[in-house]
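Observations on the three-dimensional arrangement
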Amino acid sequence: RLGIADMTVLDALAIAYGGGKESRELIERAYNISSDLGRVAKVVAENGLEGIKKFKVMVFEPIRPMLAERLSSPEEILEKLGGKCIAEYKYDGERVQAHKKGNEVALYSRRMERISDQYPDAVELVRRSVSAEEAILEAECVAVDIETNELLPFQELMHRRRKYGVEEAMEQYPVSLFMFDALYVDGRDLTLKAYPSRRTQLENVIKENDRVKPARQIKTGNLKELENFFEEAIEDGCEGLICKSVGTDSVYQAGARGWMWIKYKRDYKSEMTDTVDLVVVGAFYGRGKRAGTYGALLLATYNHESDTFETVTKLGTGFTDEDLKKLPELLRNHIVPRKHSRVESSLTADVWFEPKVVLEVLGAEITLSPIHVCAVDSIRKGSGLAIRFPRFTGKYRTDKKAEDATSSTEVVEMYRNQLKQIGAS
DNA sequence: TTTGTCTGCCCC
DNA sequence: ATTCTGC
DNA sequence: GCAGAATGGGCAGACAAA
């Protein structure tokens, strides 16, 4: 099916109708600013490159969002960005592209789905707080506590992704918009302007208020300053920072993950990383590339009081091909016909193991879980704890016995700790 | 009617 | 989202 | 370096089973 291999289709179009690398770039830009592969194909077939050159940024035609690379230290970031950058809060919400023409407003998701119906309140915020007649702006939509203006975790925002009961959810889970880019304003395409000038345009066009603000930012070339700003972002409930190039070439790279924007998140930093040692208690068969081996493992913490192993996450990324090949061998001797008596799990694995093998796992944070049973009921009735964005670090903890794995109590501590960090200011 | 399981050009 | 692997 | 393809948590919905 189409949509995933779209880059391949663009290649084919360039070869069939363009005949060179230059045409490929034109065709790709047409696609990136219209996100309409069908139309691009039709135009290039009927009118050739001349037709393609006429593609323009238009309100209510979503632009493919620019993405960011990742780096794990301020040093690397500043070096990559030529010594200085604009660092902005990376809010933990949903990315939204807001299109406005007069009173008409549409919101698009990162994958260019029209999500206006889910956010009538955000639509109204854009209508009221954007002074330009016509505009395409980007923002992070974040759940907030309306009393304290505190930012709430992504899980809260998820309640807004619904078809029914939108009005109720709107009252129960209010949102704020943190604007971070301007791609089009009153007839002017800004996508080929440098970021600082787009940001200035953005600030000129929004009428700031409690619920609509420009993303918090500083401009700096100082390591210490960058690091402090990062800590501040974490304390305010953000994921970290997005560091942006301020060079003349810092255009909006629609649909691309260039090095103009760089993500800096807490779990990328090796020093203060929340790594955890977990016991393999089950596995799931893989699909596609992983057919014939395990696709993911089921991992557990150790509960000292009950002497049981409680699932806390599945793990399916971070494995090299070599890891994937040797996992079945490594675990073969521990296979048991049904869930081991000392394992607590609400999930059903394809293969169960006696708790023996310990792996090191990296995660971003601890979340309340409806399916995992680690420390169930200890924070909230009926909820366990789980790991957000889990991945294998590559370390097999052969030095550890199952009972030496990270305990459920320790995970509870980690959860409490991250709440403390947010409330700290 | 309630409860469980699975899915999503899903969001991250 | 993260990560690894061909190209 | 980039695109593609594996995989994660978790929510509301859809639908099946009890």
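Here the structure is shown first, and the text comes after it.
Since this is a predicted model, take the numbers as computed values, not measurements.

Before going further, it helps to spend a moment on the overall build of chain A. Scanning chain A for helices and strands turns up 11 helices and 21 strands. Projected onto its principal axes, the C-alpha coordinates of chain A cover approximately 65 × 55 × 50 Å. If you take every contact in chain A between residues at least 6 apart in sequence, the share linking residues at least 24 apart comes to 70%. Between the centroid of the 63 positive side chains of chain A and the centroid of its 68 negative side chains there is a distance of 4 Å.

Glancing now at the packing of helix α2 (residues 21–34) against helix α3 (residues 37–53). Packing of α2 against α3 brings their axes to within 11 Å, and their N-to-C directions diverge by 135°. Viewed along their axes, α2 and α3 adopt a mutual orientation that is oblique. Here α2 and α3 pass one another in a crossing that is right-handed. When α2 is examined against α3, the residues S23, L26, I27, A30, Y31 and S34 are found in contact with a partner set consisting of L37, R39, V40, V44, L49, I52 and K53. The class makeup of the residues in the contact of α2 with α3 is 9 nonpolar, 2 polar and 2 charged.

The next point concerns the protein's contact with DNA strand C. Around DNA strand C sit 13 residues, and of these R110, Y268, T317, D321 and R391 come closest. At a separation of 2.7 Å, a phosphate oxygen of DNA strand C approaches a polar side-chain atom of Y268. For the surface near DNA strand C, the per-class residue count stands at 3 nonpolar, 3 polar and 7 charged.

Around DNA strand D, the structure places 34 residues, and the nearest of them are K163, Y164, T367, L368 and S369. Counting only atoms of DNA strand D within 4 Å of the protein, the sugar-phosphate share comes to 89%. Note that a phosphate oxygen of DNA strand D is positioned 3.0 Å from one of the side-chain N or O atoms of H159. Here a phosphate oxygen of DNA strand D sits 2.8 Å away from a polar atom, N or O, in the side chain of H372. For the surface near DNA strand D, the elements supplying multiple residues, two or more each, are α1 (6–18), α6 (154–157), β13 (294–303), β14 (308–315), β19 (365–369) and β20 (384–388). Element by element, the count of residues in the surface near DNA strand D is highest for β19, at 3 residues. When grouped by side-chain class, the residues that make up the surface near DNA strand D number 14 nonpolar, 11 polar and 9 charged.

Before going further, it helps to spend a moment on the packing of α1 against α3. Direction vectors running N to C along α1 and α3 enclose 5°, while the axes themselves pass 10 Å from each other. When the axes of α1 and α3 are compared, the pair comes out roughly parallel. Only L37, V40, A41, V44, A45 and L49 of α3 make contact with α1, whose side of the interface consists of D6, V9, L10, L13, Y17 and G18. Of the residues that constitute the contact of α1 with α3, the class distribution is 10 nonpolar, 1 polar and 1 charged.

Mapped onto the secondary structure, H340 falls in the loop between β15 (335–336) and β16 (343–344). Here the side chain of H340 touches R342 through a polar contact of 3.0 Å, landing on its backbone nitrogen. Discounting residues that sit within four places of it in the chain, H340 has contacts with F353, E354 and P355.

Calculation criteria
- Residue numbers here run from 1 along each chain, matching the order of that chain's written sequence.
- Written order decides the labels, with chains lettered from A and ligands numbered from 1.
- pLDDT decides what is reported in this predicted model: residues at 70 or higher carry local features, side-chain atom pairs at 80 or more are listed and counted, and totals for whole chains, interfaces and linings draw on all residues regardless.
- Here the side-chain values reflect all heavy atoms present in the structure, with hydrogen atoms and water set aside.
- Segments assigned H or I by DSSP are reported as helices when at least four residues long, segments assigned E as strands when at least two residues long, and all are numbered from the N terminus.
- Any pair of residues with heavy atoms lying within 4.5 Å of one another is described as a contacting pair.
- The charged-residue count follows a simple rule in which Lys and Arg add positive charge and Asp and Glu add negative charge, with His and chain termini not counted at all.
- For the purpose of locating charges, the reference atoms are NZ of Lys, CZ of Arg, CG of Asp and CD of Glu.
- To define axes, lines are fitted to C-alpha atoms, for helices over the stretch in contact only, and angles between the resulting N-to-C directions are given on a 0 to 180 degree scale.
- Angles below 35 degrees are treated as roughly parallel, those above 145 as roughly antiparallel, those between 65 and 115 as roughly perpendicular, and all remaining angles as oblique.
- Handedness of a crossing follows from how the near helix is turned relative to the far one, being left-handed for an anticlockwise turn of less than a right angle and right-handed for a clockwise one.
- Three classes are used: nonpolar for Ala, Val, Leu, Ile, Met, Phe, Trp, Tyr, Cys and Pro, charged for Asp, Glu, Lys and Arg, and polar for all others, with Gly counted as polar.
- The nearness test applies per residue and asks whether one of its heavy atoms lies within 4 Å of the molecule or strand.
- We define a polar contact as two N or O atoms separated by no more than 3.5 Å, with the added condition that, inside protein, one atom must be a possible hydrogen donor and the other a possible acceptor, whereas residues neighbouring each other in sequence contribute only through side-chain atom pairs.

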